[in-house]
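Listed below, chain by chain, are the residues.
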Amino acid sequence: MTATTADVSPAGRSDIAHHLHPYTQLRQLEREGPLVIVRGEGVHVIDEHGKRYLEGMAGLWCASLGFSESRLADAADRQMRTLPYYHAFSGKVPGPVTELVAKLSQWAPTPALAAGRVLFANSGSESNDTAFKLVRYYNNARGRPLKKKIIARQKGYHGVTAAAASMSGLATMHQHFDLPLPGILRVSAPHFYGGGRPGETSGEFVDHLVQELEDLIAAEGAETIAAFIAEPVQGAGGVIIPPPGYFERVQAVLKRHDILLIADEVITGFGRLGQRFGTNVFNLQPDLMTVAKMLTSAYVPMSALYVSDAIYQTVADASATVGTFGHGYTYSGHPLACAVALETLRIYESDDVIGHVQRVAPRLQAGLQRFAGHPIVGEARGLGLIGAIELAEDPAARRPFDPARGVGAYFVRRAQAHGLIVRVLGGDVIAFSPPLVITEPQIDEMLAKATLALADTLAWVRGGFVPAA
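Our subject in this report is the structure included herewith. This one's a predicted model, so the numbers in the text were calculated from it and none came from an experiment. (Residues numbered from 1 in each chain as written. Predicted model: local features only at pLDDT ≥ 70, side-chain atom pairs only at ≥ 80, totals over all residues. Heavy atoms only, no water.)

1. Let's talk about the layout of surface pockets
Note the following rule: With a 1 Å grid spanning the protein atoms alone, the term cavity applies to any set of points in which a 1.4 Å probe fits but cannot get out, the term pocket to an open set with protein on both sides within 12 Å along at least five of seven lines, and the term lining residue to any residue with an atom within 4 Å of a point. Grid points are joined across faces, edges and corners, and a volume is the space filled by probe spheres set on the points. Numbering of helices and strands runs from the N terminus; a helix is a DSSP stretch of H or I covering at least four residues, while a strand is a stretch of E covering at least two.
Of the voids in this model, the second largest pocket is the one considered here, and its volume is about 790 Å³. Lining the second largest pocket are 25 residues, and of these Ala88, Val118, Leu119, Phe325 and His327 sit closest to its centre. Residue assignment for the lining of the second largest pocket shows that the elements contributing at least two residues are helix H5 (95-107), strand E4 (117-121) and helix H13 (309-322).

So, in structure tokens, the structure goes:
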């Protein structure tokens, strides 16, 4: 049954009246009201009426330690009582920054990043925006003013600032915003299910992706292209796992043409894929790497940009001629965020959280594969503790549902009715990205609730998409 405003609580009505929601169908929200979440317990959250939900998305891919980790609350309290704020401008630094940058250097996935520097911000969007700016600064400093374009991928997601949204490859982020900005080039996503040609093997699919990249560089001129930005696993674009050999061959092309690699590890960083970073999983050698989300288990906003030593040295020399490095945020390296990030990293290490992911991830992936072959599931896919089922009207023909039907959205509503929060992405892709601390019985609970939602959705589709009474 669809809610009406008469069913909405006072808190919900206040929200409707005053809150402009991000990533929401605003008119539908006005009619139905929000789900008001008031408390968290482990991998569950509780709404204002006391109903519990297993949070199958860790919020927005980010609450790695669940929703009630007292060690993080205690770390925040201690820091708030010691030094609640200071900045890192003009040669000053809050004390916790000095410890965090050393720890992040130890966590760095490559020697080039470990030897470089870390620049803090508040969100993945801001750190990707900073990377966009920094590759311009770097090439200007090297006397290459034409080398500014950035290659990004269809279905990539890099954030919502003007630059980050431009690099993202999702149409809803561009429509009415006059985006993308000039200088963004686009290549296909490495999505074999969605983009593979009839009869094509995975290897042949990689061949044509690499040729597409080579052709684009030849057409634009390598002397005009600064960087290639990529998520190791594309998240919001559909949980897209690249085929074997893809990144190895792409990196060879980039290296040959002196094009920087920006690894967007905002979702995949800090254990989501079963290793510290997606960079480790796919043997990447990025020049710049962005992290956020699970850096603090999302308890406090924070992001960081890893900058290789080679780029740092060029930037530092150029800033000396200008008189200052003219970039930064009021809250860059906020001491509260640093304290929570440090404690988060300590928990990852002391509790062997990444080892836990390696132990329980097979349970999730095997469970998702059981959805393969379902009458309305085109593909089930995943890696580590991230996964998806892609709904399809004709799975054998890889034919999706008409987007106007809202099949994925219906699945999400039914999952919520059964006490599970998941997310629908473009193309009726249902994403799963639970907290890293989820247990095998809780994974079974999540999959059981998803099974109920899928059965409801199949019945609705076979019933002619008629809304429930």
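2. Considering empty space enclosed by the protein
Quick note on the threshold: By the convention adopted, Pro, Cys, Tyr, Trp, Phe, Met, Ile, Leu, Val and Ala count as nonpolar, Lys, Arg, Asp and Glu as charged, and the other residues, Gly among them, as polar.
Across all of its chains, the model carries one cavity of 30 Å³ or more by this definition. The wall of the largest cavity is formed by Val187, Ser188, Leu209, Val210, Glu212, Leu213, Phe228, Tyr246 and Val250. For the lining of the largest cavity, the secondary-structure elements that each account for two or more residues are helix H10 (202-220) and helix H11 (246-256). Sort the elements by how many residues they give to the lining of the largest cavity and H10 lands first, with four residues. Its residues assigned to classes, the lining of the largest cavity shows seven nonpolar, one polar and one charged.

3. Some thoughts on the sheet that holds strand E13 (residues 420-421)
To keep it simple, the criterion reads: We call two strands paired when DSSP finds no fewer than two bridges between them.
In spatial order, the strands read E1-E2-E3-E13; together these four strands make up an open sheet with mixed pairing. Whereas interior strands pair on both sides, the edge strands pair on one side only; in this sheet they are strand E1 (37-41) and E13. Inspection of the sheet shows strand E2 (residues 44-47) paired to strand E3 (residues 52-55) by three bridges, in the antiparallel sense. Paired with Ile46 across the bridge in E3 is Arg52.

4. What about the packing of H10 against H11?
Selection rule: The axes are straight lines fitted to the C-alpha atoms, using for helices just the contacting stretch, and the angles between their N-to-C directions are given from 0 to 180°. Here the word oblique covers every angle except those under 35 degrees (roughly parallel), over 145 (roughly antiparallel) and from 65 to 115 (roughly perpendicular). Handedness of each helix crossing follows the sense of rotation of the near helix against the far helix: counterclockwise by less than a right angle gives left-handed, clockwise gives right-handed. The criterion used for residue contact is that any of the two residues' heavy atoms lie within 4.5 Å.
Put simply, H10 and H11 touch, their axes get as near as 10 Å, and they point 15° apart. Classified by the angle between their axes, H10 and H11 sit roughly parallel to one another. The element H10 and its partner H11 pack so that their crossing is right-handed. Of H11, the residues touching H10 (which contributes Val206, Asp207, Leu209, Val210, Leu213, Glu214 and Ile217) are Tyr246, Arg249, Val250, Val253, Leu254 and Arg256.

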